[in-house]
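Descriptive analysis of the structure
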Amino acid sequence: MTTATLEAKSTDAADAAIRSFTVTFLIRRFDPDVDTEPRWQDFDVEMYATDRVLDALHKIKWEQDGSLTFRRSCAHGICGSDAMRINGRNRLACKTLIKDLDISKPIYVEAIKGLPLEKDLVVDMEPFFASYREVQPFLIANSTPEPGKERIQSIAKREIFDDTTKCILCAACTSSCPVFWTDGQYFGPAAIVNAHRFIFDSRDDAASVRLDILNDKEGVWRCRTTFNCTDACPRGIEVTKAIAEVKQAIMRGKP
């Protein structure tokens, strides 16, 4: 086989690897000024295997329908703005690659559940953040460190709550919870995760306050351990485990 033939085959293989294809997206639309109920609308989009669902939404908005409404910011899985339901699962649109979906069927995209729908893929996040604020997600330290000194913490003590520091407040876990869908008062997994982060922080002095808050009838005891929240977390946080650890701390009366 000649060098020219090998080069031609290599080029053909490269072209095949980057070939585009048409993907159908079914997006659940809702315009409060026009619609009384949400409706599904389909869009055909030229995509590459390495494109993301967020790229498809951009193409639809920029090239087909400028009224499509969704949130996004960093587009790198850090801000958590673009959490939505993709083929029935809560995901970040910026982290969901087309090659990881079955493109032989339409890709369904809709807003996350359990929060008031505002428009298209945008929900009102205020109930979510209200629960987050209620657990006092900030360091409360009664003692004062020595002048010019830091609050020292060992590596072992830091590891206890390391997992729950990864939360990006995307609401994917909370809006995947069946209890949250049906009970508007439940704190939800994300709030409990952020309480956990400070309850088990050795530098914090308000663990008992947060444990009392979460011992409420709408606190950790509403969790049914379905693991939906853990499966939905785009950062891989073991949410169900964190909730169980908070339950144990309440029963002990201390972290």
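Above this text is the structure in question.
The paragraphs below set out a description of the structure included in this document. Every value quoted in this text rests on a predicted model; they were computed, and no experiment measured them. (Residues numbered from 1 in each chain as written. Predicted model: local features only at pLDDT ≥ 70, side-chain atom pairs only at ≥ 80, totals over all residues. Heavy atoms only, no water.)

We now examine the nonpolar core. Among the nonpolar cores identified, the biggest contains 66 residues, and Phe25, Ile27, Leu57, Leu214 and Val246 are the most heavily contacted of them. Per-domain counts for this core show at least three residues from each of domain 1 (21–123) and domain 2 (125–141 + 156–252). In this view, Ile27 contacts Arg39, Trp40, Gln41, Phe43, Leu57, Ile60, Leu68, Val109 and Leu121; residues no more than four positions away in its chain are not counted. (Core = buried A, V, L, I, M, F, W, Y, C linked by side-chain atoms within 4.5 Å. Buried < 20%, exposed > 50% of the residue type's maximum accessible area, 1.4 Å probe, protein only. Domains from an automatic or database assignment. Contact = heavy atoms within 4.5 Å.)

Attention now goes to the sheet that holds strand 4 (residues 89–92). Remark on secondary structure: sheet strands pair via backbone hydrogen bonds, oriented parallel or antiparallel. Strand order across the open sheet formed by 5 strands is 2-1-5-3-4, with mixed pairing between neighbours. With partners counted over all chains shown, the strands left at the sheet margins are strand 2 (39–47) and strand 4, one partner each. Averaged over all pairs of adjacent strands, the angle between their axes in this sheet comes to 35 degrees, without regard to strand direction. Packing against the sheet, helix 2 (residues 53–64) makes contact with strand 1 (21–29), strand 2, strand 3 (83–86) and strand 5 (107–110), and its axis sits at approximately 100 degrees to strand 2. (Pairing = 2+ DSSP bridges. Helix = DSSP H or I, 4+ residues; strand = E, 2+ residues; numbered from the N terminus. Axes fitted to C-alpha atoms, helices over the stretch in contact; angles between N-to-C directions.)

A few words on the pattern of salt bridges. Summed over all chains, the structure comprises 15 salt bridges. The shortest N-O distance in the salt bridge between Arg52 and Asp55 comes to 3.0 Å. Neither Arg52 nor Asp55 differs from the other in exposure class; each is buried. We note a salt bridge from Asp163 to Lys166, for which the minimum N-O separation is 3.3 Å. A relative accessible area of 21% places Asp163 in the partly exposed class. When its relative accessible area of 31% is taken as the criterion, Lys166 is described as partly exposed. (Salt bridge = Lys/Arg side-chain N within 4 Å of Asp/Glu carboxyl O.)

As enumerated under the stated definition, the model contains 3 aromatic pairs in all. Relative to Phe129, the ring of Phe128 lies with its centre 5.1 Å away and its plane at 75 degrees, an arrangement referred to as edge-to-face. Note on Phe128: relative accessible area 4%, which makes it buried. Using a relative accessible area of 27% as the deciding quantity, one classes Phe129 as partly exposed. A ring pair is formed by Phe129 and Tyr132, whose centres lie 6.4 Å apart and whose planes are at 80 degrees; its orientation type is edge-to-face. Separated by 3 residues within a single helix, Phe129 and Tyr132 lie in helix 3 (residues 126–134), roughly one turn from each other. Over the ring of Trp181 we find Lys113, and its NZ or CZ is 3.8 Å from the ring centre. (Phe/Tyr/Trp six-rings, centres within 6.5 Å; stacked < 30°, edge-to-face > 60°. Lys NZ or Arg CZ within 6 Å of the ring centre and 35° of its normal.)

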